[in-house]
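# Reading the structure
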Amino acid sequence: NRSFSEVLEWLDIYGTKNSIFQGHQLHKIKNGIGTDADAPPGLMLTKGERFLFSWPSVSCHALNIKTKFRGRSTGGSYRLSRKFTIRHTEHRGKPISYAEWKKIGRGVLAVTNKHLYFLGSGSTRDMKERLSNVTSLDPTNDGFIVNLSLKTRPALRFEMNEKHAFFATNVLMLAQSE
């Protein structure tokens, strides 16, 4: 019994214990068995939806596609009477699309078999995305990017610990395959 506790202590030092736990949870998700994790407070599930896993203290950013116009305008004012003026204008410009990351805030990232939830803490807004809208996952050095099939908001970026990000992307891929 003493040697088992020494092995557990050794596993805990190198972080292997957490990796074994994550692998066990992935195995449960892959085989359709419920995970041991508790759903975060405030998560409202729809009919037929199963909670899989959540991660606290995640920073969320949304990629917004915006359009601005660059060009010139010309025109003149013609006074017809003391109280009446006509303005003639012409605009010559081109729409220019650009993208910017907008910080949503910090909160809890939760994954179910149908949706990806971001539950904001405090004044941060909540977000809900269908897993069917997810086209790909891109790892970054501080988290991962979820690419969506939406025109005005094509991506979400989640910042978290590198090991948690690797586990989260695996959970998302398994949830999509269900």
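Here, the structure is the one placed above.
Attention here is on the structure that accompanies the text. Throughout, a residue's number is its position along its own chain's written sequence, starting from 1. This being a predicted model, a pLDDT of at least 70 is required before a residue's local features are given, and a value of 80 or more before pairs of side-chain atoms are given or counted; all residues contribute to the totals for chains, interfaces and linings. Only hydrogens and water are set aside; all other atoms, that is, all heavy atoms of the structure, feed into the side-chain values.

## Details of the sheet that holds strand S2 (residues 84-112)
Two strands qualify as a pair provided DSSP detects at least 2 bridges between them. Secondary structure elements follow DSSP: runs of H or I of four or more residues count as helices, runs of E of two or more count as strands, with numbering from the N terminus. Overall, antiparallel pairing links the seven strands, which are arranged S4-S3-S2-S1-S7-S6-S5 in an open sheet. Looking at strand neighbours, the two that pair on one side only are strand S4 (127-130) and strand S5 (134-140), the edges of this open sheet. Direction aside, neighbouring strands of the sheet carry axes that sit 30° apart on average. Across four bridges, the pairing between strand S3 (residues 115-120) and S4 is antiparallel. Among the inter-strand pairings, His 115 is bridged to a residue of S4, identified as Arg 130. Any two residues whose heavy atoms approach within 4.5 Å are treated as being in contact. All axes are obtained by fitting lines to C-alpha atoms, using only the stretch in contact for helices, and the reported angles, taken between N-to-C directions, cover 0 to 180 degrees. Across the sheet, helix H3 (residues 162-177) is in contact with strand S1 (51-81), S2, S3, S5 and strand S6 (143-148); its angle to S1 comes to roughly 85°.

## Brief notes about the environment of Lys 28
Locating Lys 28 in the fold gives a position in helix H2 (residues 16-30). Spatially, the C-alpha atom of Lys 28 lies 9.6 Å from that of Leu 52, the residues being 24 residues apart in sequence. Once residues within four sequence positions are removed from consideration, Lys 28 is found in contact with Ile 33, Gly 34, Thr 35 and Asp 36.

## Some details on the packing of H2 against H3
Any two packed helices are characterised by how steeply their axes cross, that is the angle between the axes, and by the distance between the axes. At a minimum axis separation of 10 Å, H2 and H3 run at an interaxial angle of 10°. Between H2 and H3, the angle falls in the class roughly parallel. Residues Gln 22, Gln 25, Leu 26, Ile 29 and Lys 30 of H2 form the contact with H3, whose own contacting residues are Lys 163, His 164, Phe 167, Asn 170, Val 171 and Leu 174. Throughout this entry, Asp, Glu, Lys and Arg are counted as charged residues, while Ala, Val, Leu, Ile, Met, Phe, Trp, Tyr, Cys and Pro are counted as nonpolar. The remaining residues, Gly among them, count as polar. Partitioning the contact of H2 with H3 into residue classes produces five nonpolar, four polar and two charged. Should an angle fall under 35 degrees it is taken as roughly parallel, and over 145 as roughly antiparallel, whereas 65 to 115 is taken as roughly perpendicular and any remaining angle as oblique.

## Quick look at empty space enclosed by the protein
Think of a 1 Å grid over just the protein atoms. A cavity is a set of points where a 1.4 Å probe fits yet cannot get out, a pocket is an open set with protein on both sides within 12 Å along at least five of seven lines, and lining residues have an atom within 4 Å of a point. Grid points are joined across faces, edges and corners, and a volume is the space filled by probe spheres set on the points. Taken as a whole and judged by the stated rule, the model has one cavity of 30 Å³ or more. Its boundaries defined by the atoms lining it, the largest cavity holds a volume of some 30 Å³. Elements with a contribution of two residues or more to the lining of the largest cavity: S3, S4 and strand S7 (155-159). Looking at the lining of the largest cavity residue by residue, the class counts come to six nonpolar, no polar and two charged.

## So, the environment of Leu 109
By the secondary structure assignment, Leu 109 is in strand S2. On the basis of relative accessible area, Leu 109 is assigned to the buried category, the value being 0%. Placed 49 residues apart in sequence, Leu 109 and Cys 60 show a C-alpha to C-alpha distance of 8.7 Å. Sequence-distant contacts of Leu 109, defined by excluding residues within four places in its chain, comprise Phe 53, Ser 54, Trp 55, Val 58, Leu 116, Tyr 117, Phe 144, Phe 158 and Met 160. The classification of residues rests on relative accessible area computed with a 1.4 Å probe and restricted to protein chains. Under 20% of the type maximum is buried, over 50% is exposed, and intermediate values are partly exposed.

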